[in-house]
Every structure is written in structure tokens, then in C-alpha cells.
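Structural overview for review
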Amino acid sequence: MGAGDEPVDRAPAVRPFLVTAGRVAGADADPGATPPMPVETQLVATAAGLERLDLMSFERHDIVAACRRPQSVAEIAAILRLHLNVVRVLAEDLAAGGHLSVYVPSADIARDVSVLRRVIDGLRTIPGSRGTVRDSD
Amino acid sequence: MVSAPSPAPGGQSVTATEAPGRAAPPLPVKMVVAGGFGVGKTTAVGAISEIRPLTTEAAITEVAAGVDDLSHTPHKTTTTVAMDFGCLTIDDGLKLYLFGTPGQERFGFMWDDLVQGALGGLVIVDTRRLDDCYAAVDYFEHRGIPFAVAVNAFDGHVEHTLDEVRWALDVAESVPVITFDARERGSVRDALLVVLDVALTRAGG
């Protein structure tokens, strides 16, 4: 029926950035632009987002649904099999629409002594064999 | 762009049109585990992660400092590579993500997309294929990111002494060179602690 010229046995491949209407984030974006949201950025669905879940389509629906509990950008990309930059763009959209809270870690957290100490203390509580690491000095 | 630099209490900036009424997420921090193919990155991440390592694709910029490039401008292309990662709850409000990223390419890679904000890096080395880790070492040095070199003792011994590895990699004295076992949780923990010790010293702690 209809045009009928298209092969019907092959689903059209959806290119990754179609869902973001051609916008890109991250390494593909302008080099001078604001750095992309870090891959560990936390995403949490808002109450409004969950309320309107049924009205959302496809990836947007899946992202908000997956963020009932806090998830990182990287986890969402892995779980939903989306490109990292697609998640970044959609997360911005969803945040602008009030459906998602986006928690971007501050850029200088890596030099925060109190944070470093907490990570060190936390790691030290992990059980495991000792003495397997030795320094060359 | 959402990542407005406005600092907020708790080290995060929030973007939403309403106050986040739901569970506040942990403050996320990350470390990068780099090294050549098959060197044990995913093994190390999986040994200490509380979830089974997940895989996603990261965009990295390949810098070809080509000999035929007379303009002295590095030619950059963006490549997508698979990246395995895991995570670990540090305390109620802090979650550590560990990202394993390939670094065996003969050209330099720029992992800016992945590495921005990382507490530090662990470069895993197989002494039989030392050159697989040059790109990662160069990158961390160039970007001033605290890192350590960890020789993965696959079968309990390494083919070169740590001094030989240090000499071959030509890393600064301040960069620890250690052996570890990527399969052992405690060993991976200790290797990460070595990196964090460098980070803490660097941060003035």
C-alpha cells in the first residue's frame, strides 16, 4: 500500500541526536561554550515530572521514570542505552520544564579538602586484604 | 547550559523550576581509572563497585600531533569509546563514581568530557605493554590531575621492578608507582587511597 518503495524488513535507524532535534552538548558542542554537565551529575525526578509522566513521550518519559531515585547522567545513559550527550540535552530540557532537578557538582570539588577526607575515610572502612599495595619509594 | 557556576551549599548547583521536594541526591565525586585494553580497568572498577559495572559511550577528542601537520595546530577529531563505570556509597551524602577509560591509543586522547572535576586518576599498567599507558600519563600530567601509576600484578609477579617502570614512564617523583591486584577489593581500595593521598597533599590538606 502507499508508496511501498521503502524496504519494510528493515527498521529505519534512528540517529542518536534525532531525539534532541539536532542539538548537541559536550565534546561535540562549541569548544568555547560552557563545559558540559559532568557525567556524575545527579538527576532527580520532580513531583511535577512524575505527575505528568503519562504525557511524556519516549526518552523523556524513560528518563523521568528512571530518576524516581537519584541517578547520574552516566547511569541514565547506560541504563537507557542513550548517548551521554543525548541525556545531557534532554536533562536540560526536562529541568527547564520543571520535570527534573539537575544537581551539577561544583567544578572545584576536587580540591575540597573536606570532601577528599570524607572519601578517604569512607574508603578506609571497606574491608579487604591489607598490604597488597606498596610504594616504590 | 545547566551547569551554571553559581556555587550552592553542598557543592552543587541545582536547576529546576521548583524546589526539589524529593530525595536529595548524594554529592557525586569521581575518579578515573585509565589504561590500555585488557589491563584490568573494568576488573578493578568491578572489584570495588557496589553495582555491576555499567557501560556507556563517552566522547573523547583524539589529538593527532601528526608528523605531516605543518601548521603546528594539533588536528582534533572526536571519537566515541565504550566506558565502564561503577559506584560506591562513601557516606549518607557522598557517592564515589569510578570511570574506566581506554588509553592505549598511540595518539594523545583528551578526556575532558569525562575527567573535568575528577578527584584523581589511577593509571593501570601491564609491564609487558608499558606504552599502552603513555597517553593517560601524559594527559593527567598535562592537566595537573593527581594520579598514581599502578602495575597490575596479574599472576602475583611483575616483569619489571617499580623503579624500572618509573624510569620508563619518566614520571615525577611525586607520582606514586605501586603494584596492586585489580581483582582484590582491598587492593583496589588501597590503590585509590594512594591517589587520594596525592590529591589531598595537592589540595593543601
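Residues numbered from 1 in each chain as written. Chains lettered and ligands numbered in written order. Predicted model: local features only at pLDDT ≥ 70, side-chain atom pairs only at ≥ 80, totals over all residues. Heavy atoms only, no water.

In the nomenclature of an unreviewed UniProt entry, chain B corresponds to ATP-binding protein from the organism Actinacidiphila yanglinensis. Turning to chain B, the UniProt annotation filed under Sequence similarities (unreviewed entry) states: "Belongs to the GPN-loop GTPase family." (UniProt positions renumbered as here; feature names shortened; annotations may be inferred.)

An unreviewed UniProt entry lists chain A under the name DUF742 domain-containing protein, with Actinacidiphila yanglinensis as the source organism.

1. A short note on the packing of helix α3 (residues 73–80) of chain A against helix α4 (residues 84–96) of chain A
Between two packed helices, both the angle of their axes relative to each other and the distance between the axes serve to describe the pair. Residues and elements named next belong to chain A. Remark: α3 packs on α4, axes separated minimally by 9 Å, with the N-to-C direction vectors making an angle of 115°. At the point where α3 passes α4, the crossing takes the right-handed sense. Along the contact surface, α3 presents V73, A74, I76 and A77, while α4 presents L84, V87 and R88. By residue class, the composition of the contact of α3 with α4 is six nonpolar, no polar and one charged. (Axes fitted to C-alpha atoms, helices over the stretch in contact; angles between N-to-C directions. Helix = DSSP H or I, 4+ residues; strand = E, 2+ residues; numbered from the N terminus. Left-handed = near helix turned anticlockwise from the far one by under 90°. Contact = heavy atoms within 4.5 Å. Nonpolar A, V, L, I, M, F, W, Y, C, P; charged D, E, K, R; others polar.)

2. Structural notes on the interface of chain B and chain A
For an interface, size is often stated in terms of accessible area lost upon the parts coming together. With 73 residues of chain B at the interface, the matching set in chain A holds 66 residues. Counting each side, the surface lost to burial between chain B and chain A is near 5800 Å², with a carbon and sulfur contribution of 62%. Our count for the contact surface shared by chain B and chain A stands at three salt bridges. The shortest N-O distance in the salt bridge between D91 of chain B and R118 of chain A comes to 3.0 Å. Where chain B packs against chain A, one counts seven residue pairs in polar contact (both at pLDDT 80 or more). (Buried area = accessible area lost by both parts, 1.4 Å probe. Salt bridge = Lys/Arg side-chain N within 4 Å of Asp/Glu carboxyl O. Polar contact = N/O pair within 3.5 Å; in protein donor to acceptor, adjacent residues only side chain to side chain.)

3. Let's talk about the environment of G49 of chain A
All names here are of chain A. Its location among the elements puts G49 in helix α1 (residues 47–51). Classification of G49 as buried rests on a relative accessible area of 0%. Residues G49 and C67 lie 18 residues apart in sequence; the distance between their C-alpha atoms is 9.9 Å. Residue contacts for G49: discarding those within four places in its chain leaves M56, V64, G98 and H99. (Buried < 20%, exposed > 50% of the residue type's maximum accessible area, 1.4 Å probe, protein only.)

4. Some thoughts on unusual backbone geometry
We note that R81 of chain A has phi near 55°; this positive angle belongs to a residue other than glycine. Its relative accessible area of 77% is what places R81 of chain A among the exposed residues. Despite not being glycine, D170 of chain B has its phi angle at roughly 55°, a positive value. Of the residues examined, D170 of chain B reaches a relative accessible area of 64% and is grouped as exposed.

5. Section: the pairing of strand β5 (residues 94–102) of chain B
With nine of nine residues buried, β5 of chain B is to be regarded as a mostly interior element. In β5 of chain B, alternate side chains face the same way, and those of L94, L96, L98, G100 and P102 of chain B on one face and K95, Y97, F99 and T101 of chain B on the other are all buried.

6. Brief notes about the pairing of strand β8 (residues 147–152) of chain B
All names here are of chain B. Here β8 lies mainly inside the structure; six of its six residues are buried. The alternating pattern of β8 places F147, V149 and V151 on one face and A148, A150 and N152 on the opposite face, and all of these are buried. Across five bridges, strand β7 (residues 120–125) lies against β8 in parallel orientation. Counterpart to L122 in the pairing with β8 is A148. In this structure, β8 lies alongside strand β9 (residues 177–180), joined through four bridges in parallel fashion. By the bridge assignment for β9, V149 is matched with V177. (Pairing = 2+ DSSP bridges.)

7. Considerations on the packing of aromatic side chains
Enumeration over the complete set of coordinates arrives at four aromatic pairs over all chains. Every member of this aromatic cluster is reached through a ring pair, and the members are F85, Y97 and F99 of chain B. (Phe/Tyr/Trp six-rings, centres within 6.5 Å; stacked < 30°, edge-to-face > 60°.)

8. Digging into the nonpolar core
Generally speaking, nonpolar side chains in soluble globular proteins are found buried as a group. Membership of the largest hydrophobic core comes to 56 residues, with the highest contact counts inside it found for L43 of chain A together with F140, V149 and L169 of chain B. Broken down by element, the residue count for this core peaks at seven residues, all from α4 of chain A. Beyond its immediate sequence surroundings of up to four residues, F140 of chain B is in contact with V32, A34, G121, V123, I145 and F147 of chain B. One finds I120 of chain A together with I90, L94 and A182 of chain B within the second-largest nonpolar core, a separate group that totals 39 residues. (Core = buried A, V, L, I, M, F, W, Y, C linked by side-chain atoms within 4.5 Å.)

9. Some remarks on helix α4 (residues 162–169) of chain B
For an α-helix, the turn length of 3.6 residues means that residues three or four places apart are oriented alike. Residues and elements named next belong to chain B. All buried positions along α4 are accounted for by L162, V165, R166 and L169. In a view along the axis of α4, the buried residues occupy a sector of 100°, so they form one face of it. Across from the buried face of α4, at angles greater than 90 degrees, the exposed residues are D163 and W167. Immediately downstream of α4, the backbone of D170 shows phi near 55°, a positive value. (Arc of directions from axis to C-beta.)

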